[in-house]
Every structure is written in C-alpha cells, then in structure tokens.
Amino acid sequence: MAHATIYVGCTVPQLLRGAQSRIFPSHSLLGALRHSAFCYCTGNGTIKSKRKMDHLERTANNFRQEVITQAKVCGITSESETVKRLRLAIANKDFTFKAGQWVDFFIPGVSVVGGFSICSSPGLLEQEGILELAVKHTVHPPAHWIHTECTLDSEVALRVGDLHGYQEGKGNRHKLGTAKLYYSAKNTSELLFKKNILGLMKAFPGKITCCFHVTQQHSQICKELQPHITEGRISEKDLEKHVSNDTSWYICGPPPMIESISKLLTNIGVPRNRVFFEKWW
C-alpha cells in the first residue's frame, strides 16, 4: 500500500581542487578545537539547571560520530533577511552524514559550540565534498559569528550528531506514496528554499506538493507563488483531510509550534506513534 507523508514546518561546481594540504594547511587549529571542546564539555558540568542549557549540554547523551573534521567556508549567501546559507568545503574524506543529522560547530576563539541542522544532501558531500548549513541570525554566539564575522576562507570544525543514531539496514520499510508539505513563515521572503521546493513539485507532479502559509505578508506575492500561498497559520481544517492509517506526520519548527501542531494532530485523531519531531535545542 502506498504510504503518504505529511511534513509540517516553519521557519528551515567542483570546489575542492588539488591536495587537501593546500586547502587546509593548518593542523594546529583542529587540535586546539578538540581541546577547547573537551574543556568546555567537562568544565560546565556543574552549572545550575536554571540557566538555559547550551547545545553541548542539551545533547550530551546523544549519538555523535568520532570524526571531527576541519572545514573551510567557500560560500556565503543570504537566503532571507535573517538567514544565511553557509557552504563548507570538508577536509576529511571519512566525514559522512545522513539526512536529518546535525553538526556540532566549533569556531576558533568562540567558547560556545553551535548546533546546526544540515540543509544539503549527503550526495552533495559525496560528489563535491561540500556541506551546507542554513543559520538564522540570533544573539547566540555561533549564529552571531556566522552573520557578523564569518568570511570566505574562515576555518571551523564539524562533528556529526543526532538524537537516535542510525543503524544500517533498518528503515521504516514504507513505500513512499506522496509527500505533502505545509510550510509557514512570516512572509514569502522568509520561505527558505521555496525555489527548490517548487522545482521538486514540477519534477514530481502529484507526488510532492506544498502549501505555503504566510502570517504577516504586506507586499505583493509573485505570480509563481500565488497558486501555492495561503494567508494565515496552518489550521486543523488544513490537516484533517490527510488523516489516514497510512499517513506519517513530520513536524519541524520552534518548540511552541511543534507543541501546538502536535496537539492539533491529537485533536483530529492522529495516533501519537504516527507523529515525529525533534526538540533538541
């Protein structure tokens, strides 16, 4: 039987040439970052729980790969007024990841370690040695550094982690039938990767569809997006028509949004074991 998937979310050329030693000349940086990460993890273990936990504390018991790789910034673009896309050339050929994993983001001179979801495909890393992150501007030191100090050729270090850890050979064994995305943001400029999504809809008609929601749109919506735009938040009425025993629901967004949509799905009769999300920040 075909398996339907509903995604509910809100606001989410060959560059490596020559030997790695010419692109990543410094080995001392990686050693310093390893030492910094170790000291930071162990030195903050007694901080009172009233303080908001940082990324390393919050995910201390989660799976992480052993490989820590150097990476060099090879591209910076603005996806919106508040989000930058970072392209990173990866030094270590043993560095791999799977869709849905994040990276610990180590910055020289910044004691706080960032945690960012990977927005590129594993295929891009395999083919070009490139990994991409989309980072929203906040006062959090790693995000602030990316938006205010990071430049082309800046060097950082990365380590892959996720909530559960992947086991090869195990999957949900569902045959993908259709994928429906409900994507909400303040306005169309904050709808990240909208061109990519529209491209997928054209490439897989009837298999992949998307409804974009905007909550504070004050400018005119372009003709290409107009057929796919709904003004207002994602509602119970939007989602209830997709309820079935064969539908899985994936939610991505800030914790209040995840809690709100989870409650909404419970109200329309979606079993809890069909709803998936992560709250690791």
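Below or above, wherever it landed, is the structure these notes cover. The structure displayed is predicted, hence computed values, not measured ones.

The complete set of buried residues in helix H5 (residues 141-148) reads Pro142, Ala143, Trp145, Ile146 and His147. The elements touched by buried residues of H5 are strand E3 (83-90), strand E4 (102-107), strand E5 (110-117), strand E6 (130-136) and strand E7 (155-162).

With that settled, the discussion passes to the pattern of salt bridges. This structure, assessed with the given rule, holds 8 salt bridges. A salt bridge links arginine 85 to glutamate 79; the nearest nitrogen and oxygen atoms lie 2.9 Å apart. Given the relative accessible area of 21%, glutamate 79 is considered partly exposed. The structure contains a network of salt bridges with shared partners spanning Glu79, Arg85, Arg87, Glu128 and Glu132.

In the case of a regular strand, side chains alternate between the two sheet surfaces. For E4, a buried count of 6 out of 6 residues is recorded, marking the element as mostly surrounded by other parts of the structure. Burial along E4 is two-sided: the face carrying Trp102, Asp104 and Phe106 and the face carrying Val103, Phe105 and Ile107 are both buried. By the bridge criterion, 5 bridges tie E4 to E5 in an arrangement that is antiparallel. Residue tryptophan 102 lies in a different strand from E5, and its bridge partner there is serine 117. Between E4 and E5, which pair antiparallel one after the other, the connecting turn spans 2 residues, and glycine 109 there sits at a positive phi close to 85 degrees. Bridge count for E4 against E7 is 5 bridges, and the pairing is antiparallel. Bridge pairing links valine 103 to valine 160 in E7.

One open sheet accounts for 6 strands, arranged E5-E4-E7-E2-E3-E6; its pairing is antiparallel. Either end of the sheet is taken by a strand with one partner, and the two such strands are E5 and E6. Strand-to-strand twist across the sheet, computed as the mean angle between neighbouring axes with direction ignored, equals 40 degrees. Here strand E2 (residues 63-78) runs beside E7; their pairing, made up of 7 bridges, is antiparallel. Across the sheet, the residue bridging to lysine 72 is glutamate 155, located in E7. Packed onto the sheet, H5 meets E3, E4, E5, E6 and E7 and runs at close to 85 degrees relative to E5.

What counts and what doesn't
- Residues numbered from 1 in each chain as written.
- Predicted model: local features only at pLDDT ≥ 70, side-chain atom pairs only at ≥ 80, totals over all residues.
- Heavy atoms only, no water.
- Buried < 20%, exposed > 50% of the residue type's maximum accessible area, 1.4 Å probe, protein only.
- Helix = DSSP H or I, 4+ residues; strand = E, 2+ residues; numbered from the N terminus.
- Contact = heavy atoms within 4.5 Å.
- Salt bridge = Lys/Arg side-chain N within 4 Å of Asp/Glu carboxyl O.
- Pairing = 2+ DSSP bridges.
- Axes fitted to C-alpha atoms, helices over the stretch in contact; angles between N-to-C directions.

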